Amino acid sequence: MKGFAITLVILIILAAVGFFLGWVQFQVDDGEYAVLFTKTAGWEPEVIYPGTFVWRWQGMFPTMLRRYDFSRTVRDFDIRIEDSLPGSDLYADYVADDPDFSWNVRVYGRFAILPDALPALASDQGLRPADIEDFLDGREMQIRSQISSALPSLISDLSVPERASPAIMNLPELRRRLDDILTGRFSELEFDVLVVTEARLPDIELYLTARQRYLSLLDSEAAARQAALGELARLDLINQAQQDSLEVLGSILESNPSLLEYLRIISETGRDPIGLSPLFADVLGNALTLDGLNIPAAQESTP
């Protein structure tokens, strides 16, 4: 009986030691998050939060479990973007008072790594606690670049009538759209703060009016050019047809001297007994003919 009691006490002590070694809860400090890696299962997909009860039997063996404690680190950014609506310098000439279609927006934000994203970052990107600052530096640069490209795109949407939305002129709405873009692009981050601290936006209705006037003028000029080109093409065809007809007529007259003599009679007397004058007038266009003959318009035939 005494031996059994001693054995039981030893087992209880060993169980307590094993429980103590495998219990990682007390090792995760406030403001930190633990990510576990075991030789048997690899990276565990769930992050360990402070105050969470966690027990792993691998903790009883020093080489079986590795724990990485990540401190919650926040990063601030403050960015100002200035630009103008597309074609604003050109369109401004088509409304009065020389309007200014430029804009500027200032955005302030604060972000940190989303705790639940830590296991994937550690597994897929090799993130370690010592790399946090460099990681956040890189993300801050990407965030600034994303905002720099997103803001002009959002505000330029106002210049397209079918996408124009007066709601974006409301700063909370502009902030919401930026938040959607950033959280969609950086799913591993959480943005504690994202505010539009300053904004000067253009008069979009005046801009659309100026743009429409400019486009209408371009349409009118294009139509006028098209009409002029069409008329030039028509005259070119007529001139070419007359040139071809004159060449054929010259060949006919050269091979038929009597016909040339008849033309001289028409020119000198104005008489056209057999009614050929209209035919020559169509070809020559009442212009000066060969040998200086002026072929008149068609006259009534004289017997």
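Only a predicted model underlies this, so the values are computations on that prediction, with no experimental measurement involved. (Residues numbered from 1 in each chain as written. Predicted model: local features only at pLDDT ≥ 70, side-chain atom pairs only at ≥ 80, totals over all residues. Heavy atoms only, no water.)

> Mind laying out the side chain of Glu 32, listing which residues take part and the relevant values?
Mapped onto the secondary structure, Glu 32 falls in strand β1 (residues 32-38). Here Glu 32 sits buried without a salt bridge, and the closest side chain of opposite charge, Arg 67, lies 7.0 Å off (N-O distance). Leave out the neighbours within four places in its chain, and Glu 32 touches Pro 50, Asp 69, Phe 70 and Ser 71. (Helix = DSSP H or I, 4+ residues; strand = E, 2+ residues; numbered from the N terminus. Buried < 20%, exposed > 50% of the residue type's maximum accessible area, 1.4 Å probe, protein only. Lys, Arg positive; Asp, Glu negative; His and termini not counted. Salt bridge = Lys/Arg side-chain N within 4 Å of Asp/Glu carboxyl O. Contact = heavy atoms within 4.5 Å.)

> Please give an account of the packing of aromatic side chains that cites residues and values.
Both the distance between ring centres and the angle between the ring planes are used here to describe each pair of aromatic rings. Inspection of every chain in the model, using the stated rule, returns 6 aromatic pairs. An angle of 85° between the planes, with centres 5.2 Å apart, marks the rings of Phe 101 and Tyr 207 as edge-to-face. Taken together, the positions of Phe 101 in the loop between α2 (88-91) and β5 (102-113) and Tyr 207 in helix α6 (residues 204-255) put the pair 106 residues apart, joining distant regions of the chain. Here Phe 101 falls in the buried class, since its relative accessible area comes to 2%. Classification of Tyr 207 as buried rests on a relative accessible area of 1%. (Phe/Tyr/Trp six-rings, centres within 6.5 Å; stacked < 30°, edge-to-face > 60°.)

> Provide a residue-level description of helix α5 (residues 171-185), including the pertinent values.
End to end, α5 covers 21 Å across 15 residues, agreeing with the expected 21 Å (1.5 Å per residue, within 8%). Those residues of α5 that sit buried are Glu 173, Leu 174, Leu 178, Asp 179 and Leu 182. Buried residues belonging to α5 abut β5, α4 (132-156) and β6 (189-200). (Expected span 1.5 Å × (residues − 1).)

> For the nonpolar core, give the residues involved together with the corresponding values.
Core analysis: the largest hydrophobic core is formed by 44 residues, its most contacted members being Phe 77, Val 107, Ile 113, Ile 143 and Leu 151. Here this core takes 9 residues from α4, the largest share from any one element. With sequence-adjacent residues up to four places away left out, Leu 151 is seen in contact with Ile 81, Trp 103, Val 105, Val 107, Leu 174 and Leu 178. Counting 6 residues, the second-largest nonpolar core is a separate cluster that includes Ala 34, Leu 36, Ile 48 and Leu 65. (Core = buried A, V, L, I, M, F, W, Y, C linked by side-chain atoms within 4.5 Å.)

> Describe the confidence of the model for the protein chain, naming the residues involved and giving the relevant values.
Averaged over every residue, the pLDDT of the protein chain is 75; the share at 70 or more is 59%. Within the protein chain, helix α1 (residues 2-22) has the poorest average pLDDT of any element, 56, and helix α3 (residues 118-124) the best, 94. Throughout residues 286-303 the model reports pLDDT below 50, and contacts reaching past four residues in sequence, or to other chains, amount to 41 contacts. (pLDDT = per-residue confidence, 0-100.)

> I'd like a description of the sheet that holds β5, backed by residues and values.
With antiparallel pairing, the 3 strands of this open sheet are ordered in space as β4-β5-β6. Looking at strand neighbours, the two that pair on one side only are β4 (74-84) and β6, the edges of this open sheet. When strand polarity is set aside, the average angle formed by the axes of neighbouring strands in this sheet is 15°. Two elements, β5 and β6, share 10 bridges in a ladder whose sense is antiparallel. Considered in β6, the bridge of Asn 104 is made with Arg 200. Helix-sheet contacts for α5 involve β5 and β6, and the interaxial angle to β6 is about 145°. (Pairing = 2+ DSSP bridges. Axes fitted to C-alpha atoms, helices over the stretch in contact; angles between N-to-C directions.)

> Run through the environment of Pro 119, naming residues and quoting values.
You can see Pro 119 is positioned in helix α3. Given the relative accessible area of 4%, Pro 119 is considered buried. Separated by 73 residues in sequence, Pro 119 and Glu 46 have C-alpha atoms that sit 6.7 Å apart.

> Could you give an account of the pattern of salt bridges, with specific residues and numbers?
What the rule picks out here adds up to 12 salt bridges. In this structure, the salt-bridge partner of Arg 106 is Asp 78, at a minimum N-O distance of 2.7 Å. With Arg 106 in strand β5 and Asp 78 in strand β4, this pair connects stretches of sequence that are 28 residues apart. Residue Arg 106 is classed as partly exposed on the basis of its relative accessible area, which comes to 26%. Asp 78 gets classed as partly exposed once you look at its relative accessible area, which sits at 34%.

> Report on empty space enclosed by the protein, specifying residues and quantitative values.
With a probe scaled to a water molecule rolled over the atoms, the places where space remains empty come into view. Here the structure, examined in full by the defined rule, presents 1 cavity of 30 Å³ or more. Quantified by volume, the largest cavity comes out at close to 70 Å³. Lining the largest cavity, in full, are Tyr 33, Phe 70, Ser 71, Arg 72, Thr 73, Ala 112, Ile 113, Leu 118 and Ile 132. Elements represented by at least two residues in the lining of the largest cavity include exactly β3 (65-71) and β5. Partitioned by chemical class, the residues of the lining of the largest cavity number 6 nonpolar, 2 polar and 1 charged. (1 Å grid on protein atoms, 1.4 Å probe; cavity = no way out; pocket = protein on both sides within 12 Å on 5 of 7 lines; lining within 4 Å. Points joined across faces, edges and corners; volume = space filled by probe spheres on them. Nonpolar A, V, L, I, M, F, W, Y, C, P; charged D, E, K, R; others polar.)

> Report on the sheet that holds β1, specifying residues and quantitative values.
Ordered by their spatial adjacency, 3 strands build an open sheet running β2-β1-β3, and the pairing between neighbours is antiparallel. The outermost strands of the open sheet, each flanked by one partner alone, are β2 (42-43) and β3. The sheet contact formed by β1 and β3 spans 7 bridges and is antiparallel. By the bridge assignment, Glu 32 is partnered in β3 with Ser 71.

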